[in-house]
Every structure is written in C-alpha cells, then in structure tokens.
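Reading the structure
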Amino acid sequence: QVQLVESGGGLVQPGESLRLSCTTSGFTFSMYAMRWYRQAPGKERELVAGISSSGDSRNYVDSVKGRFTISRDNAKNTVYLQMNSLKPEDTAVYYCYTNRWGNGYWGQGTQVTVSS
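Description of the structure in this document. (Residues numbered from 1 in each chain as written. Predicted model: local features only at pLDDT ≥ 70, side-chain atom pairs only at ≥ 80, totals over all residues. Heavy atoms only, no water.)

Some words on the pattern of salt bridges
Pairing between side chains of opposite charge can happen when the charged atoms of each approach one another. Note the threshold: Any Lys or Arg side-chain nitrogen located within 4 Å of an Asp or Glu carboxyl oxygen qualifies as a salt bridge. Secondary structure follows DSSP: runs of H or I at least 4 residues long count as helices, runs of E at least 2 residues long count as strands, and numbering of each begins at the N terminus.
Considering all chains together, one arrives at four salt bridges under this definition. Between Glu46 and Arg38 there is a salt bridge; the shortest N-O distance is 2.6 Å. With its nearest N and O atoms 3.0 Å apart, the salt bridge here joins Arg38 to Asp90. Note that Arg38 is positioned in strand 4 (residues 34–39) and Asp90 in the loop between strand 8 (78–83) and strand 9 (92–100), a separation of 52 residues in sequence. Via salt bridges that share partners, Arg38, Glu46, Arg67 and Asp90 belong to a single interconnected network.

Quick look at the structure:
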C-alpha cells in the first residue's frame, strides 16, 4: 500500500525558513519522480517543485525559484522541500505526490502559514 506522509509545516514569520519532509512507503521510492504541490485557500492546487528519480533533475514554479530547494534521500525513502525567505503568499497546505503506473498518490498535506 502506497503511503506518503508529510511533516514539518508550521507558523513562521516572513523571511524565515521551514523544511518539509515527505516519508514514503509501499513502493520502490528510488524509481519514481516526486513532486511538491500546494493549495492556498480559495485557489487551485499548484505544482511547486519536482525532482527526478535519481535527483539529477529538478524544476520549480517561477514564484519559488531561488528560495525553495527540493531534494531526496533514496536510502530514507524521503523527499524534502527546503523553503527559505518565506513570504505570506507561500501560505498553503503543501502536499507531496507521485505517479506510479498511471496512478497518482497524495499525502495528507501539511499546513504552512507565513504571517507576522
């Protein structure tokens, strides 16, 4: 059974940092690309960052380039999202995602709130 569990969210002030983790189980993690999405209140879910199975290729939405870094540890079956210089507009529920044989899998999400 595929499981994705996010952690690391919280309430921070603008300019601060957070590191999100997504621990997975139930599939061969090292074989699949991973993504982080986010959904703010009243908005559609958007792709934030993606990373290839090996970690060699990464991509980001323009609004987070230079501030967020996606990484993975295939030995720990975990993908991370390091978020620096957080802004109020980064406030959202953050989800990790993978697609395995045409089936998409989501975690339960972790809330990130950036407010002074």
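Still more to cover.
Some words on the sheet that holds strand 1 (residues 3–7)
Put simply, the rule is: Whether two strands pair depends on DSSP finding at least two bridges between them. Fitted lines through C-alpha atoms give the axes, limited to the stretch in contact for helices. The angle between two N-to-C directions lies from 0 to 180 degrees.
Here four strands make up an open sheet; going across it, the order is 1-3-8-7 and the pairing antiparallel. Looking at which strands have only one partner, the edges of the open sheet turn out to be strand 1 and strand 7 (68–73). Across the sheet, the axes of successive neighbouring strands diverge by a mean angle of 15°, strand direction being ignored. Pairing analysis gives six bridges linking strand 3 (residues 18–25) to strand 8, with the strands arranged antiparallel. Looking across to strand 8, one finds that Arg19 is bridged to Gln82.

A short note on unusual backbone geometry
Applied cut-off: Relative accessibility under 20% of the residue-type maximum defines a buried residue, over 50% an exposed one, and the middle range a partly exposed one, all with a 1.4 Å probe and only protein chains included.
At Asn77, a position not held by glycine, the phi torsion is positive, near 55°. With respect to the secondary-structure elements, Asn77 resides in the loop between strand 7 and strand 8. Here Asn77 falls in the partly exposed class, since its relative accessible area comes to 28%. Within the chain, Trp101 stands out as a residue other than glycine whose phi angle is a positive 55°. Within the secondary structure, Trp101 is located in the loop between strand 9 and strand 10 (103–106).

Side note on the packing of aromatic side chains
The condition that has to hold: Two rings belonging to Phe, Tyr or Trp (six-membered ring only in the last case) form a pair when the distance between their centres is within 6.5 Å. Interplanar angles under 30 degrees mark stacking, angles over 60 mark edge-to-face geometry, and anything in between is tilted. Only when the NZ atom of a Lys or the CZ atom of an Arg is both within 6 Å of the ring centre and within 35 degrees of the ring normal do we say a charge sits over the ring.
If you walk through the whole model with that rule in mind, you get six aromatic pairs. Centre to centre, the rings of Tyr95 and Trp106 are 6.2 Å apart; their planes meet at 90°, and the pair counts as edge-to-face. With Tyr95 in strand 9 and Trp106 in strand 10, this residue pair connects regions lying 11 residues apart in the sequence. Sitting above the plane of the Tyr95 ring, Arg45 keeps its charged end 3.8 Å from the centroid.

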